[in-house]
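Architecture and fold: a report
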Amino acid sequence: MRAPLILFTGVALAVTVLSGCTAGEPAASASPSATPTPTYELPPRPVRPGESPIRAAPVTDGDTRFQVIGLQKGLSGFFGSHAEWQAKGQYVVVRILVENPGRTNSRFDAKRQQLITADGTVHTIDRFAQATKRQPDTLPLGAGVRIEMDLWYDVPSEAQVSAIRLFGDPPLGVGGTTDGVRVPLS
């Protein structure tokens, strides 16, 4: 009884050792080779009349990703669907993409977004212009949601626009507010 068991163990050991020493193709790597992530092919669009394109890289604050894509400045007034209104100084309009790349809901608050002029003065959105131009003050961003919108500011006519500070929603479970991220507008 013992001899067949020893013979079986010896044969199994020999097969295991010899099968590892082959001169064939090298073993395939256990990890797959990196393949690029596919991207969406979106058609280019023309810049709106009076707007300058801004080529800023995307930035992240909290659970929100932003990209500034356009800027209009020196506007003396505007027309809404039911109103015409003049600026106290000049209207500056910043076109942004806002995205929630996460898996939970977040919130965007336009009232927190700050325009910064060359003298360091911080300006908040003009709520009347924002409402008249039908741009949201706040909105929920579902998981994976991406929107494009304008932020309207009324700044002194002689002011030179320098940057915008964008504020996202803090990560889920984190209280308080975020520090914001500054994006140059030149």
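Cut-offs used in this document
- Within any chain, residue numbers begin from 1 and follow the written order of that chain's sequence.
- Where totals are concerned, whole chains, interfaces and linings use all residues; where local detail is concerned, this predicted model gives features only for residues with pLDDT of at least 70, and gives and counts side-chain atom pairs only at 80 or more.
- With hydrogens and water set aside, each side-chain value is computed from the structure's full complement of heavy atoms.
- A run of H or I in DSSP counts as a helix once it spans at least four residues, and a run of E counts as a strand once it spans at least two, with each numbered from the N terminus.
- Think of it in three bands: residues with accessible area under 20% of the maximum for their type are buried, residues over 50% are exposed, and the middle band is partly exposed, with areas taken using a 1.4 Å probe on protein chains only.
- We call two residues in contact whenever any of their non-hydrogen atoms come within 4.5 Å of each other.
- Each accessible area is a Shrake-Rupley estimate made with a 1.4 Å probe; only the visible protein chains count as cover when residues are assessed.
- Only the six-membered ring of Trp is used, alongside the rings of Phe and Tyr, when aromatic pairs are assigned; centres must lie within 6.5 Å, and planes under 30 degrees apart are stacked while those over 60 apart are edge-to-face, with the rest tilted.
- We count a salt bridge whenever a side-chain nitrogen from Lys or Arg sits within 4 Å of a carboxyl oxygen from Asp or Glu.
- Whether two strands pair depends on DSSP finding at least two bridges between them.
- To get an axis, fit a line to the C-alpha atoms, keeping to the stretch in contact for a helix; angles then go from 0 to 180 degrees between the N-to-C directions.
- The term polar contact refers here to a pair of N or O atoms within 3.5 Å; inside protein, the definition further demands a hydrogen-donor-capable atom paired with an acceptor-capable atom, and it admits residues adjacent in sequence only when both atoms are side-chain atoms.

Brief notes about the overall build of the protein
Scanning the protein from terminus to terminus reveals two helices and 11 strands. Counting from the amino terminus, the protein carries its helices and strands in the arrangement α-β-β-β-β-β-β-β-α-β-β-β-β. Relative to its full complement of 186 residues, the protein shows a buried share of 32%. Counted over contacts in the protein with a minimum sequence separation of 6, partners at least 24 positions apart contribute 64%. For the protein, the computed accessible surface area is about 12200 Å², with 58% contributed by carbon and sulfur atoms.

Some details on the packing of aromatic side chains
For the structure on display, the rule yields five aromatic pairs. Three or more aromatic residues link up through ring pairs in this structure, and these residues are Phe78, Tyr91 and Trp152.

Details of the pattern of salt bridges
Side chains that differ in sign of charge can pair as their charged atoms come close. Taken as a whole, this structure holds nine salt bridges when the rule is applied. A salt bridge links Asp109 to Arg107, with the shortest nitrogen-to-oxygen separation between them at 3.2 Å. Across the pair Asp137 and Arg127 runs a salt bridge whose closest N-O atoms are separated by 3.5 Å. Of this pair, Asp137 sits in the loop between helix H2 (127-132) and strand E8 (138-141) while Arg127 sits in helix H2, and the two are 10 residues apart along the sequence. Among the residues examined, Asp137 registers a relative accessible area of 26% and is labelled partly exposed. Here the salt bridges do not stand alone but share partners, grouping Arg45, Arg48, Glu51, Arg95, Glu148 and Asp150 into one network.

Points about the environment of Met149
Here Met149 is to be found in strand E9 (residues 146-155). With relative accessibility at 2%, the residue Met149 sits in the buried group. Those residues in contact with Met149 that lie beyond four places of it in its chain are Val94, Arg95, Ile96, Phe108, Ala110, Gln130, Gln135 and Pro136.

So, the sheet that holds strand E11 (residues 181-184)
Taken together, the four strands give an open sheet; going across it, the order is E7-E6-E10-E11, and neighbouring strands pair in antiparallel fashion. Only two strands of the sheet have a single neighbouring strand rather than two, namely strand E7 (122-124) and E11. With direction set aside, neighbouring strand axes in the sheet form an average angle of 30°. Sheet topology note: the strand E10 (residues 161-166)/E11 ladder contains four bridges and is antiparallel. Bridge pairing links Ile164 to Val183 in E11.

Quick look at the environment of Asp126
With respect to the element layout, Asp126 can be found in the loop between E7 and H2. Taking relative accessible area as the criterion, Asp126 reaches 13% and is therefore assigned buried. Residues Asp126 and Val92, spaced 34 residues apart in sequence, show a C-alpha to C-alpha distance of 9.8 Å. Leave out the neighbours within four places in its chain, and Asp126 touches Tyr91, Trp152, Tyr153 and Asp154. Of note is the side chain of Asp126, whose polar atom sits 3.2 Å from the backbone nitrogen of Phe128.

Examining the pairing of strand E4 (residues 84-99)
Taken together, the 11 bridges between strand E3 (residues 64-79) and E4 define a ladder with antiparallel strand orientation. The partner of Gln67 across the bridge, within E4, is Leu97. Here E3 hands over to E4 after four residues, the two strands then running antiparallel side by side.

Examining the environment of Ile69
Residue position: Ile69 is located in strand E3. Once the C-alpha coordinates of Ile69 and Pro53 are considered, the two residues, 16 residues apart in sequence, prove to be 5.7 Å apart. Setting aside its immediate chain neighbours within four residues, Ile69 contacts Arg45, Ser52, Pro53, Ile54, Arg95, Leu97 and Glu148.

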